[in-house]
Amino acid sequence: MPNRKSYKTKQRECVLDCIRRQAGAYITIQQLSEELGARGEKVGLTTIYRTLDRLEQEKAIAKVFIDGMGATCYRYLPQDNDIFFSLKCEQCGKVVNIDCAELSHLYSHLSKAHNIMINPGKTMFYGTCEQCITGHREAKDSKETPT
């Protein structure tokens, strides 16, 4: 079996740093390329693709397909083994990261009781975000309040 040693090239570090700075957000290859260009880093698309493949193999990032995005997205995976999930709002389309201890119980339950392993870095819930719920409530309240 070949040695999967990680080579720390300048391009690799630039790509990883760019994804890491997205603060848990998902980024497409196009967005990544534009961000690198804005930072003055000259990294070609072929190098970006190759680097992303290696970073995914190393479990430094997650490759995620999100409905409605039209492109593959990537997210930095913290190395502290935090279990997180994401929610895509079906109203506004925003992706919200969820860091909740209760979700780790779900992950553990599925593993123990059902003998399945969930990849939390690629898990996406669909529903309504807090801002849309709050906005919906505010709009409803203003309609019900007589003027």
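These figures come from a predicted structure and were not determined experimentally.

Rules used throughout
- All residue numbers here refer to positions counted from 1 along the written sequence of the relevant chain.
- Predicted model: local features are reported for residues with pLDDT of at least 70 only, side-chain atom pairs are reported and counted for 80 or more only, and whole-chain, interface and lining totals are derived from all residues.
- Only heavy atoms go into the side-chain values, all of them from the structure, while hydrogens and water stay out.
- DSSP-based pairing: two strands are paired if at least 2 bridges between them are found.
- Working definition: helices are DSSP H or I runs of at least four residues, strands are E runs of at least two. Numbering for both runs from the N terminus.
- In this analysis, axes come from line fits to C-alpha atoms, helices being fitted only over the stretch in contact, and the angle between any two N-to-C directions falls in the range 0 to 180 degrees.
- Salt bridges are defined by distance alone: a side-chain nitrogen of Lys or Arg within 4 Å of a carboxyl oxygen of Asp or Glu.
- The buried label goes to any residue with under 20% of its type's maximum accessible area, the exposed label to any with over 50%, and the partly exposed label to all in between, with areas taken from a 1.4 Å probe on protein chains only.
- Any pair of residues with heavy atoms lying within 4.5 Å of one another is described as a contacting pair.
- We define the nonpolar core as a collection of buried residues of types Ala, Val, Leu, Ile, Met, Phe, Trp, Tyr and Cys that are connected through side-chain atoms lying within 4.5 Å of one another.

(A) Quick peek at the sheet that holds strand 6 (residues 124-127). Strand order in the open sheet made by the three strands is 5-4-6, with mixed pairing throughout. With partners counted over all chains shown, the strands left at the sheet margins are strand 5 (95-98) and strand 6, one partner each. Between one strand axis and the next, the sheet turns through 30° on average, direction left out of account. Across four bridges, strand 4 (residues 85-89) lies against strand 5 in antiparallel orientation. Considered in strand 5, the bridge of F85 is made with I98.

(B) Geometry of the pattern of salt bridges. The tally for this structure, following the rule as stated, stands at six salt bridges. A salt bridge links D17 to R39; the shortest N-O distance between them is 2.5 Å. With D17 in helix 1 (residues 10-20) and R39 in the loop between helix 2 (29-38) and helix 3 (45-57), the pair connects residues that are 22 residues apart, well separated along the chain. When its relative accessible area of 17% is taken as the criterion, D17 is described as buried. Judged by its relative accessible area of 32%, R39 falls in the partly exposed class. Taken together, the shared-partner salt bridges connect D17, R20, R21 and R39 into one network.

(C) Just the sheet that holds strand 3 (residues 73-76), in detail. The three strands lie next to each other as 1-3-2, forming an open sheet whose pairing is antiparallel. Looking at which strands have only one partner, the edges of the open sheet turn out to be strand 1 (27-28) and strand 2 (61-64). Pairing between strand 1 and strand 3: two bridges, direction antiparallel. If you follow I27 over to strand 3, its bridge partner there is Y74. The strands touched by helix 1 within the sheet are strand 1, strand 2 and strand 3, with strand 3 carrying the most contacts at an inclination of about 85°.

(D) Geometry of the pairing of strand 3. Residues of strand 3 alternate between two faces, with C73 and R75 on one and Y74 and Y76 on the opposite face, all of them buried. Bridge count for strand 2 against strand 3 is four bridges, and the pairing is antiparallel. The residue of strand 3 that forms the bridge with V64 is C73.

(E) Molecular detail of the nonpolar core. Within the largest apolar cluster, 17 residues are counted, with the highest numbers of intra-cluster contacts made by V15, I19, L32, L36, I48 and L52. Of all the secondary-structure elements, those providing two or more residues to this core are helix 1, helix 2, helix 3 and strand 3. If one sorts the elements of this core by residue count, helix 1 sits on top with five residues. Beyond its immediate stretch of four places on either side in the chain, I19 contacts I27, L32, L52, I61, Y74, R75 and Y76. Counting eight residues, the second-largest nonpolar core is a separate cluster that includes Y26, C73, L77 and M124.

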